[in-house]
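Understanding the architecture of this molecule
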Number of protein chains: 2
Amino acid sequence: MSSQKPPSSAGNNLDPWYANYAERTAGLAASEVRALFAVASRPEVVSLAGGMPAVSALPQELVIESMNRVMREQGSVALQYGSGQGVPVLREQILDVMAMEGIRASADDVVVTTGSQHALELVTKLFIDPGDVVLAEGPSYVTAMVIFRSFQAETHHVAMDANGMIPESLRENIARLKALGKKIKFLYTIPSFQNPAGVTLSWERRLEVLQIAKENGILVLEDNPYGLLHFDAPPPPALRSVEQEGVIYLGTFSKTLAPGFRVGWALAPHAIREKLILANEAAVLSPSSFSQLVISEYLDTIDWRAQVDRFRGVYRERKEAMIGALTEYLPNLQWTDPDGGFYVWLTLPSYLDSKQMLPRAVKELVAYTPGTAFYADGGGRNNIRLSFCYPTPEAIRVGIRRLQNVINGELDLLETFSATGPLGTARDRNFSAPPPNLD
Amino acid sequence: MSSQKPPSSAGNNLDPWYANYAERTAGLAASEVRALFAVASRPEVVSLAGGMPAVSALPQELVIESMNRVMREQGSVALQYGSGQGVPVLREQILDVMAMEGIRASADDVVVTTGSQHALELVTKLFIDPGDVVLAEGPSYVTAMVIFRSFQAETHHVAMDANGMIPESLRENIARLKALGKKIKFLYTIPSFQNPAGVTLSWERRLEVLQIAKENGILVLEDNPYGLLHFDAPPPPALRSVEQEGVIYLGTFSKTLAPGFRVGWALAPHAIREKLILANEAAVLSPSSFSQLVISEYLDTIDWRAQVDRFRGVYRERKEAMIGALTEYLPNLQWTDPDGGFYVWLTLPSYLDSKQMLPRAVKELVAYTPGTAFYADGGGRNNIRLSFCYPTPEAIRVGIRRLQNVINGELDLLETFSATGPLGTARDRNFSAPPPNLD
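My aim in this report is to walk through the structure given alongside it, one point at a time. (Residues numbered from 1 in each chain as written. Chains lettered and ligands numbered in written order. Predicted model: local features only at pLDDT ≥ 70, side-chain atom pairs only at ≥ 80, totals over all residues. Heavy atoms only, no water.)

Structural notes on the sheet that holds strand β4 (residues 154-161) of chain B
Residue and element names in this part refer to chain B. What counts here: Strands are labelled as partners when DSSP assigns at least two bridges between them. Each helix is a run of H or I in the DSSP string that is no shorter than four residues. Each strand is a run of E no shorter than two, and both are numbered from the N terminus. Residue contacts follow a heavy-atom distance rule, with two residues in contact if any of their heavy atoms lie within 4.5 Å. Whenever a helix is involved, its axis is fitted only over the stretch in contact; in every case the axis is a line through C-alpha atoms, and angles between N-to-C directions fall within 0 to 180 degrees.
Spatially, the 8 strands line up as an open sheet ordered β2-β9-β8-β7-β6-β3-β4-β5, and their pairing is mixed. The two strands at the open ends of the sheet, each matched to only one other strand, are β2 (110-113) and β5 (164-165). Summarising the sheet, β2 and strand β9 (residues 264-267) pair through 4 bridges and their orientation is antiparallel. The residue of β9 that forms the bridge with Thr-113 is Gly-264. In this fold helix α3 (residues 88-99) packs onto β2, β8 (247-252) and β9, with an angle of close to 100° to the strand it touches most, β2.

Encoded structure:
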């Protein structure tokens, strides 16, 4: 165990309980994304920061009808405690959802959780001792890494390119960490429309990554919130469709229905599933019966596949608005062009710092998430995650236009305070020509 | 850290991930209460085992109206992610609920959680390192102790009598554990209508317990699910009403409204509250917006105090049915006679083992929770927790009548297999006369 104590940011002498916290609590610092949620809630700010789904695209009348039927027909069940594993009929329906990504499973191995976030917390609680290692794509989902840190895991990053995680980087990381005597407990991956990078792991690489994990006895934690939200062709089948014993699969209704119910699930190998149920019961006794039954009723009576299609259309339009605006306003920067999901990953010139730039952005009424939030090792300084899920196409265009102003302003500042001008000295090697639109 | 490994009951060679679990996972074994839930679900069994509230006493039409108003007026908020601390207006309303127990606080210090169970998990995560100590009444709430064990805490019990926790036992425990070099992280207590003992901490003792905790720098975790469910006079004011900086107070809507929404809360000293929010965000991002808004609407538009009165009437009637049946069918045993809450604690002759007796009870179509479930140290062998919250008064009478048969059957068995008869040899010293009804 490490000897770390809560740093001054996590407590101080004004807190009489300062000396009493667990060691793990030192890892619970407020994330950059969290501070942004407060900023982004001001209506005049175009927020390209959060990951809120477009729930306005959901036909609320149909949801209301589902609720009323549940209350009238199963009210006393909906209002009561349920099982720690979740409502059986919903677990059966979850099999239908996962079948769309090639997964065949038994409802016996599904555990319903309070959003897939809680499945992530429970899996981490089950597997991580202090000092254990989690491998994750670099960049990776910020609140997953907060959980890993909160259980005193080290997160090490596997490099990515346009086809997702690079198998060679995975091999190198494993060899290096094993040589250091580290215990690698699992590989956390978002293979489809990754958060934040927007890229998708190719089919060939899925097979290779699974093979590497198997050879090294490493459990794979496949987090798949966006897989059904593809804009054209679906992504390759889920990792879990290939490998059953070595993969814990996490799914959610937050993106295909609505996050306000907090219903997600884990599909786990049998022995792990057993422990997940116990951990779930300890944590919350049972997930909300009411939420589960409403979702079950919705899946049973509404053409939910057509609704997922509607969501796809909404997000496709917003993604196109964002890529169009980036092409128009920031043509010399690099960005990913996702085939689904919620996010574009933008690369600034290496001499810009997206976190330092954020206060100026907020002043210009646009918010984003700085790239450093998505790295456990300080990477991502000149990256930005742009979310297109929540704002309208018009707002997205306004936001990117404002972002252009912000970046221009930063470059002006650098010009002013550098005798030779930054463009001649600190040029990003991936950024070959002077950016005409940034002068 | 201990060197314990998952025992055979928590994993085996058929589980390929057996060697990969965290040390804490060894503590996650299925509880006795859990196995009972399956049994108790058979309709022919009278279950005096679970803790399910009587949601049938809730006017479902009013709940449906609240839901519909929420969806029509705030649908897009209800369906979306919310804040990790909870909906502000609900946190204000929670102040009104707590005011009924003498608590004055700021909504700023309230954190809404997925049932108060999850507040318990989060507080434990924040404070417990492996080997730390939690003090709790003996007996205590089973799933609290499951959480403590799942974070590798040791639970030590403070003795109780009819007036709740005995201050002298608290002092002795603290002195003994400090002499052993143990870190006591908090005192977990259910001061009003305790689960499972049914007793209430007197006002004088509340002050004394708080004083002892303060003198020794021990945080108090006050769990108060039943405080408003008193049958006659209310219990003494909450511990939190006396002491602010040294108490984390846990409340819930599971008993005064319905558990199916999974909404509870923690009221914590300011610095701890800050960390609770971060832990809550890591675990579930935000508690269910929908559930919170429905409860907020219910509190705003319905005479919820009158509904709590209705619940009190329902539980008072059931408690009286249980005490009446115990007096009639098992007059020579000892039991507690609670002034509120859900539970009666029954003491059998010391030579009976309530866990061994359980299969016979299930065969006779009555279920209960064996006393050992409520002790971390093997205590409670000849105790039983009887719940009167869920079954009707008629079912309660039938259940206690069946329990009489079960106990008689056990005594017959002991007579048969003991040459001299158990009544002459193994008599409980608290059980002064031969029980005529048990021959």
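Having put the structure on the table, let's press on.
Section: the relation of the copies chain A and chain B
Rules: Superposition of the copies was done by least squares, using only C-alpha atoms of residues whose pLDDT is at least 70 in both.
When chain A is fitted to chain B, the residual RMSD is 0.0 Å, and the transformation amounts to a turn of 180° plus an axial shift of 0.0 Å. Classification of the inter-copy transformation places it as that of a two-fold axis. A symmetric contact is evident, with 100% of the interface residues of chain A recurring at the interface of chain B.

Points about the interface of chain A and chain B
Under the convention used in this document: Note on definitions: buried area is the accessible-area loss of two parts on being combined, 1.4 Å probe, summed for both. Salt bridge, as applied in this entry: a Lys or Arg side-chain nitrogen positioned within 4 Å of an Asp or Glu carboxyl oxygen. Counting of polar contacts relies on pairs of N or O atoms within 3.5 Å, with two restrictions inside protein: one atom must be capable of donating a hydrogen and the other of accepting it, and residues adjacent in sequence are counted only when both atoms are side-chain atoms. All amino acids are sorted into three groups, where Ala, Val, Leu, Ile, Met, Phe, Trp, Tyr, Cys and Pro are nonpolar, Asp, Glu, Lys and Arg are charged, and the leftover types, Gly among them, are polar.
Of the residues lining the interface, 84 residues belong to chain A; the matching set on chain B comes to 84 residues. For the pair chain A and chain B, the summed buried surface comes to about 7200 Å²; carbon and sulfur atoms form 59% of the total. On the chain A side of the contact with chain B, Trp-17, Leu-79 and Tyr-81 of chain A bury the most area, a combined 11% of that side's loss. Applying the counting criterion to the chain A and chain B interface returns 4 salt bridges. Close ionic contact of Glu-121 of chain A with Lys-125 of chain B constitutes a salt bridge, the shortest N to O distance being 3.2 Å. Our enumeration of links across chain A and chain B arrives at 41 residue pairs in polar contact (both at pLDDT 80 or more). Within the residue set of the side of chain A that touches chain B, elements represented by two or more residues are α2 (60-78), α4 (115-127), α5 (142-150), α9 (270-284) and α10 (289-301) of chain A. For the side of chain A that touches chain B, the class distribution of residues is 46 nonpolar, 22 polar and 16 charged.

Regarding the sheet that holds strand β13 (residues 369-370) of chain B
All names here are of chain B. Taking strand neighbours across the sheet as the criterion, the 4 strands line up as β10-β11-β14-β13 in an open arrangement whose pairing is antiparallel. The open sheet has two edge strands with one neighbour each: β10 (334-335) and β13. Bridge count between β13 and strand β14 (residues 383-387): 2 bridges; the pairing is antiparallel. Opposite Thr-369, over in β14, you have Arg-385 as the bridge partner.

Observations regarding a negative patch on the surface
What counts, and what does not: Patches in this entry comprise residues that are over 30% relatively accessible and not in a salt bridge; like charges within 9 Å are linked, as are nonpolar side chains (Val, Leu, Ile, Met, Phe, Trp, Tyr) within 5 Å. With residues, only the protein chains shown are counted as cover, and all accessible areas are computed by Shrake-Rupley using a 1.4 Å probe. Neither His nor the chain termini are counted; the positive set is Lys and Arg, and the negative set is Asp and Glu. Charged side chains are reduced to one point each, which is NZ for Lys, CZ for Arg, CG for Asp and CD for Glu.
Together, Asp-232, Glu-317, Glu-320, Asp-339 and Glu-394 of chain A line one region of the surface with negative charge. Note on placement: Asp-339 of chain A falls in the loop between β11 (334-335) and β12 (343-347).

What about helix α9 (residues 270-284) of chain B?
All names here are of chain B. So the rule is basically this: Helices are assigned an expected span. That span is 1.5 Å times one less than the residue count. Partly exposed residues are those whose accessible area sits between 20% and 50% of the maximum for their type, while under 20% is buried and over 50% is exposed, using a 1.4 Å probe and protein chains only.
Taking 1.5 Å of rise per residue, 15 residues should cover 21 Å, and α9 covers 21 Å from first to last C-alpha, within 8% of that figure. Burial within α9 is extensive, with 12 of its 15 residues counted as buried. All of the buried residues along α9 are Ile-272, Arg-273, Lys-275, Leu-276, Ile-277, Leu-278, Ala-279, Asn-280, Glu-281, Ala-282, Ala-283 and Val-284. Note on α9: the residue one or two positions beyond its end, Leu-285, has a positive phi of about 65°.

Taken by themselves, the reported measurements are silent on function.
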